[in-house]
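Structural overview
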Amino acid sequence: MNELQETKQQEMLHPFFSIWLHPKKTARYILDHKGLGYAIIFILLGGMASVLFSAMDSESLDLPTWAILLICLIGGPFIGLFHLLLGQGYSY
């Protein structure tokens, strides 16, 4: 009976919302059920968020909003992949 409840809970897991509260459980769910392509989308979105947070924190960055968003859209995926590769390098 306990296994049935766990499988129901895993099926109802929505990665875009659960990543904030249960990141490890969400990562396991994505790798088990969704595949690598879905995980890469999360990595690219994380890079975009990283660029936006960096722009918010920097006081010396004097760019218009449209330029920051353009940098986020173009540079964000590269930053996300760089963070992934950097993190994987430290795990070995």
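Anything mentioned here points back to the structure above.
This section reports on the structure supplied with the text. Remember, it's a predicted structure, so these values are computed and weren't measured experimentally. (Residues numbered from 1 in each chain as written. Predicted model: local features only at pLDDT ≥ 70, side-chain atom pairs only at ≥ 80, totals over all residues. Heavy atoms only, no water.)

**What about the side chain of Thr26?**
To keep it simple, the criterion reads: Helix numbers and strand numbers start at the N terminus; a helix is a DSSP run of H or I with at least 4 residues, a strand a run of E with at least 2. Whenever two N or O atoms come within 3.5 Å, that pair is a polar contact, provided that in protein one can donate a hydrogen and the other can accept it, and provided that, for residues adjacent in sequence, both atoms are side-chain atoms. Every residue pair with non-hydrogen atoms within 4.5 Å of one another is taken to be in contact.
Looking at the secondary structure, you find Thr26 in helix H3 (residues 23–34). A distance of 2.8 Å separates the side chain of Thr26 from the side chain of Ser18, its partner in a polar contact. The residues contacting Thr26, other than those within four sequence positions of it, are Leu13, Pro15, Ser18 and Ile19.

**Regarding the side chain of Ser18**
Structurally, Ser18 is set in helix H2 (residues 15–18). Not counting residues up to four positions away in its chain, the partners in contact with Ser18 are Leu13, Pro23 and Thr26.

**Side note on the packing of aromatic side chains**
To keep it simple, the criterion reads: Only Phe, Tyr and Trp rings take part, Trp by its six-membered ring, and two of them pair if their centres are within 6.5 Å. Stacked means planes under 30 degrees apart, edge-to-face means over 60, and tilted covers everything else. We call a charge positioned over a ring when the NZ of a Lys or the CZ of an Arg lies within 6 Å of the ring centre and within 35 degrees of the ring normal.
Under the definition given, this model contains one aromatic pair. We note Lys34 situated over the ring of Tyr38; from NZ or CZ to the ring centre the distance is 5.3 Å.

**A look at the pattern of salt bridges**
Selection rule: We define a salt bridge as a side-chain nitrogen of Lys or Arg found within 4 Å of a carboxyl oxygen belonging to Asp or Glu. Type-normalised accessible area, obtained with a 1.4 Å probe on protein chains alone, sets the label of each residue: buried when under 20%, exposed when over 50%, and partly exposed for intermediate values.
Within this structure, the stated rule accounts for one salt bridge. Note that Asp32 is salt-bridged to Arg28, the shortest N-O span being 3.4 Å. With Asp32 and Arg28 both in helix H3, this residue pair falls four residues apart, about one helical turn. On the accessibility criterion, Arg28 (49% relative accessible area) is partly exposed.

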